[in-house]
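Notes for the structure review
One-letter residues, chain by chain:
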Amino acid sequence: MWLKVGLDQSSVIDTSYGMKYVSGENLMKHYFNDSIAEKLDEDKFLENMWNNFDAMFDWGDCDFFDSDKCLKLSEWLKIKLSSCHDFELREFYSLLLEYSIIAVEHKTGVYFDF
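Residues numbered from 1 in each chain as written. Predicted model: local features only at pLDDT ≥ 70, side-chain atom pairs only at ≥ 80, totals over all residues. Heavy atoms only, no water.

Regarding the overall build of the chain
Regarding its fold elements, the chain presents four helices and six strands. Relative to a compact globule of 114 residues, whose C-alpha radius of gyration would be 13 Å, the chain shows 13 Å and is just as compact. Here the chain holds 114 residues, and 42% of them are scored as buried. Here the analysis covers contacts within the chain between residues at least 6 apart in sequence; of these, 65% occur between residues at least 24 apart. Computing the positive centroid from 11 side-chain charges and the negative centroid from 22, the chain places the two 5 Å apart. (Helix = DSSP H or I, 4+ residues; strand = E, 2+ residues; numbered from the N terminus. Rg over C-alpha atoms; globule rule 2.2 N^0.38 Å. Buried < 20%, exposed > 50% of the residue type's maximum accessible area, 1.4 Å probe, protein only. Contact = heavy atoms within 4.5 Å. Lys, Arg positive; Asp, Glu negative; His and termini not counted. Charge placed at Lys NZ, Arg CZ, Asp CG, Glu CD.)

Following this line, the structure appears as structure tokens:
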């Protein structure tokens, strides 16, 4: 499971079928293992992404949140972190918050590859 954030506009790639993704040298990325995926599943992460952000991904899929969606995501994550007590989940949510803030600052986005 990968998270990637673009550090400038050149890292955001538009595909011919309308999907965007983050690639190239100007990005940050982090891999999370299956135990995090299991905890996220138990924490209903995907359901929250679907219901709150119209996310299109499921396990085995990918999605791109543009900077506008990342701004909304960062607000949700701040609230989520205030009630999250699991160390590994806090690590994931904290990194996703960091990436969301970077995406907003650089007007790029966050790419989820689950």
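More follows now that the structure is in view.
Here we look at helix α2 (residues 45-53)
Every buried residue belonging to α2 is among F45, L46, M49 and F53, and all of these are buried. Along the axis of α2, the buried residues cluster in a sector spanning 100°; they form a single face. For α2, the elements touching its buried residues are α1 (34-42), β5 (62-66), α3 (67-83), α4 (87-106) and β6 (109-113). (Arc of directions from axis to C-beta.)

As for the packing of aromatic side chains
Counted by the stated rule, this structure contains 12 aromatic pairs. An angle of 50° between the planes, with centres 6.1 Å apart, marks the rings of F45 and Y93 as tilted. With F45 in helix α2 and Y93 in helix α4, this pair connects stretches of sequence that are 48 residues apart. Relative accessible area serves as the criterion here: at 0%, F45 is assigned to the buried category. Residue Y93 is classed as buried on the basis of its relative accessible area of 0%. Look at F53 and W76: their rings are 6.1 Å apart centre to centre, the planes differ by 85°, and that puts the pair in the edge-to-face class. With a gap of 23 residues between them, F53 in helix α2 and W76 in helix α3 connect regions that are remote in the sequence. Of the two residues examined, F53 and W76, each falls in the buried class. Taken together, the ring pairs in this structure connect F32, F45, F53, F65, W76, F92, Y93, F112 and F114 into an aromatic cluster. Over the ring of W2 we find K29; its NZ or CZ atom is 5.3 Å from the centre of that ring. (Phe/Tyr/Trp six-rings, centres within 6.5 Å; stacked < 30°, edge-to-face > 60°. Lys NZ or Arg CZ within 6 Å of the ring centre and 35° of its normal.)

As for the state of the cysteines
On inspection of all chains with the given rule, the structure shows zero disulfides. C70 provides the cysteine sulfur closest to C62, a residue in no disulfide bond, and the two sulfurs are 15 Å apart. This cysteine, C84, is not joined by any disulfide, and C70 carries the nearest cysteine sulfur, 19 Å off. (Disulfide = S-S within 2.5 Å.)

As for the nonpolar core
Counting 32 residues, the largest nonpolar core has F45, F92, Y93 and F112 as the members making the most contacts within it. Those elements that provide at least two residues to this core are β1 (2-6), α1, α2, α3, α4 and β6. Sorting elements by how many residues they give to this core places α4 first, with nine residues. Once residues lying within four places of it in the same chain are set aside, the contact partners of F112 are W2, L3, F45, F57, D61, C62, D63, F65, L73 and L96. Among the nonpolar cores identified, the runner-up in size contains five residues, and V12, L27, F64 and Y111 belong to it. (Core = buried A, V, L, I, M, F, W, Y, C linked by side-chain atoms within 4.5 Å.)

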